[in-house]
Amino acid sequence: MIRSFSLLASAAMLASFTVPAAAEEADPAAIVALQFAVSGDHKGVRASGAKGVCLKGNFTPSADAAGLSKAAQFSKTVPVTARFSMGGGNPKISDKTKATTRGFAMRMQDPAGDLTFVIISAPVFSTKTPAQLLEFLQVRAPGPDGKPDAEKIKAFAAKNPETGRQAAWLNARPVPASFAGTDYWAVHAYTLTNAKGDKTVAKLKFVAADKATLSDEELKAKPDSFYADELKERLARGPARFDLVAILAEPNDPTTDVTATWPEDERKQKTLGTLAITAIEPDATCDAATFDPVVDLPEGIAGPADDPMFAIRSPAYAVSLSRRSN
Ligand code: HEM
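Computed from a prediction, not measured in an experiment: that's the story for all the values here.

Thresholds, definitions, all that
- Residues numbered from 1 in each chain as written.
- Predicted model: local features only at pLDDT ≥ 70, side-chain atom pairs only at ≥ 80, totals over all residues.
- Heavy atoms only, no water.
- Near = heavy atom within 4 Å.
- Polar contact = N/O pair within 3.5 Å; in protein donor to acceptor, adjacent residues only side chain to side chain.
- Helix = DSSP H or I, 4+ residues; strand = E, 2+ residues; numbered from the N terminus.
- Nonpolar A, V, L, I, M, F, W, Y, C, P; charged D, E, K, R; others polar.
- Buried < 20%, exposed > 50% of the residue type's maximum accessible area, 1.4 Å probe, protein only.
- Pairing = 2+ DSSP bridges.
- Disulfide = S-S within 2.5 Å.
- Salt bridge = Lys/Arg side-chain N within 4 Å of Asp/Glu carboxyl O.
- Donors = N, O, S within 2.8 Å, 3.2 Å for Na, K, Ca; no water.

1. Let's talk about the site of the ligand
Then, in step 1: Close to the ligand lie 28 residues; R46, R83, Y317, S320 and R324 are nearest.
Then, in step 2: In the model, an oxygen atom of the ligand is placed 2.6 Å from a nitrogen or oxygen of the R83 side chain.
Then, in step 3: For the shell around the ligand, the elements supplying multiple residues, two or more each, are α2 (28-38), β2 (78-86), β3 (102-108), β4 (115-120), β6 (184-193) and α11 (313-325).
Then, in step 4: Considering each element in turn, the shell around the ligand owes the most residues, 6 residues, to α11.
Then, in step 5: Classifying every residue of the shell around the ligand by side-chain character gives 17 nonpolar, 7 polar and 4 charged.

Dropping the structure here:
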């Protein structure tokens with residue numbers, strides 16, 4: 001199934017990047033074309049996470065981790081390539097933007113197979129199906145006057161209330177003072193499998209060791225780009241750490257809808273290990289390929305087979321890579 005999506009992507013890459021008219025055309029190339037259209041059609045950048053910083057570090061599993069997953073990454077320390085980013089395809093977006101997720105992509109490397117997560121600073125994504133994402137983007141795309149139609153956005157939001165949850169969550173919280181100062185969620189439900197074949201369904205969250213936010217006053221005093229410099233200074237003092245926490249599912253927790261949260265505080269949690277970001281890497285290290293959270297998973301951890309927002313990420317990221325590399 002995953003492989004066939006890759007083939008689909010290759011075909012899609014050849015397609016032109018015109019903005020589709022109909023919401024039912026929820027193919028990855030159409031979605032990516034709209035992501036670019038909504039954010040100003042910048043060349044040579046990602047369709048989302050266009051502004052970011054490439055990094056390296058390592059991941060060290062906890063004593064509990066191998067009991068949950070047989071992936072090599074949960075039995076020894078492995079090297080990591082990572083990237084923090086601002087959501088959207090505008091490479092000049094202000095770091096002060098509130099209703100935009102901060103992103104975190106990472107590849108935990110091992111010869112037996114890399115473990116890749118591409119995650120955001122909110123527990124939910126904005127849409128639950130590709131068709132809904134397509135329409136979410138369509139109503140935000142600029143019209144003939146160069147501006148989106150506010151009435152269309154309002155009407156879409158009224159018909160699709162769950163698509164407002166992410167922005168509401170972000171708007172209710174202060175802006176992170178650092179890419180390393182906020183938690184990140186993998187939003188999808190993963191299945192962990194240990195050496196005995198026992199399976200555990202969990203949502204995964206990277207919990208920042210040093211949470212830091214800005215008051216409205218502090219935010220006003222900041223320039224539009226401060227995250228990259230802050231990170232340089234922070235890493236000169238020592239690694240930026242995150243605990244990888246598994247939030248264990250209970251019966252009836254939704255596993256196919258990334259706009260729905262689980263009551264995390266009422267769920268059992270297990271710490272799987274600690275990610276340490278140690279240094280900034282040249283952009284080229286992160287730009288040559290995509291971080292593919294669908295295909296690049298080793299045995300012992302699987303994404304949700306029935307969450308339509310999961311599978312489509314692989315071909316969409318391939319389309320974006322093709323466009324930004326040409
Ligand atoms: C559902 C949860 C999702 C999360 C948490 C998420 C998060 C992210 C993040 C953090 C990045 C930046 C990656 C980097 O720094 O290299 C990214 C890139 C991207 N996302 Fe998503 N995303 C999600 C779903 C989707 C979906 C459903 C689509 C489209 C169908 C999509 C399309 C893209 C594209 C095209 C890129 C640029 C990839 C590249 O050029 O390397 N995302 N996403």
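Next, the rest of the story.
2. Structural notes on unusual backbone geometry
Then, in step 1: Backbone geometry places D41, a non-glycine residue, at a positive phi of 55 degrees.
Then, in step 2: Looking at the element boundaries, D41 is found in the loop between α2 and β1 (51-61).
Then, in step 3: Overall, the relative accessible area of 37% leaves D41 in the partly exposed class.
Then, in step 4: For V187, which is not a glycine, the phi torsion comes out positive at approximately 50 degrees.
Then, in step 5: By the element assignment, V187 lies in strand β6.
Then, in step 6: Judged by its relative accessible area of 8%, V187 is buried.

3. A short note on the pairing of β6
Then, in step 1: With 9 of its 10 residues buried, β6 lies for the most part within the structure.
Then, in step 2: Here 7 bridges tie β6 to strand β7 (residues 199-208), and the two strands are oriented antiparallel to one another. For Y190, the partnering residue across the bridge sits in β7 and is A202.
Then, in step 3: The antiparallel hairpin formed by β6 and β7 contains 5 residues in its connecting segment, where G197 sits at a positive phi of about 95 degrees.
Then, in step 4: Here β6 pairs with strand β11 (residues 301-302) via 2 bridges, running antiparallel. Its bridge partner lying in β11, L192 is registered against I301.

4. Quick notes on the state of the cysteines
Then, in step 1: In the structure shown here, the tally under the stated rule is 1 disulfide.
Then, in step 2: Each disulfide pairs two cysteine sulfurs, and for C54 the partner residue is C286, the sulfurs being separated by 2.0 Å. For the disulfide bridge between C54 and C286, the dihedral angle about the S-S bond is near 80 degrees, and by the sign convention the bridge is right-handed. Taken as a pair, C54 in strand β1 and C286 in helix α9 (residues 283-287) lie far apart in primary sequence, 232 residues in all.

5. Structural notes on the pattern of salt bridges
Two side chains that carry opposite charge are able to pair once their charged atoms sit near each other.
Then, in step 1: Scanning all chains against the criterion turns up 17 salt bridges.
Then, in step 2: Across the pair K154 and E151 runs a salt bridge whose closest N-O atoms are separated by 3.8 Å. Residue K154 and its partner E151 are both found in helix α5 (residues 150-159); the two are separated by 3 residues, about one turn of the helix.
Then, in step 3: Taking the relative accessible area as the measure of exposure, K154 reaches 56% and is therefore exposed.
Then, in step 4: One network of salt bridges, with partners in common, ties together D210, E230 and R234.

6. Things to note about the coordination of the iron atom of the ligand
Then, in step 1: Of all protein atoms, Y317 (OH) alone acts as a donor to the iron atom of the ligand, lying 2.2 Å away.
Then, in step 2: With respect to the helices, strands and loops of the structure, Y317 is situated in helix α11.

7. Some details on α2
Then, in step 1: Burial runs high along α2: 9 of the 11 residues are buried.
Then, in step 2: Residues of α2 that are buried include every one of P28, A29, A30, I31, V32, A33, L34, F36 and A37, and no others.
Then, in step 3: The backbone nitrogen of A29 has a side-chain oxygen 3.1 Å away, supplied by the residue at the start of α2, namely D27.

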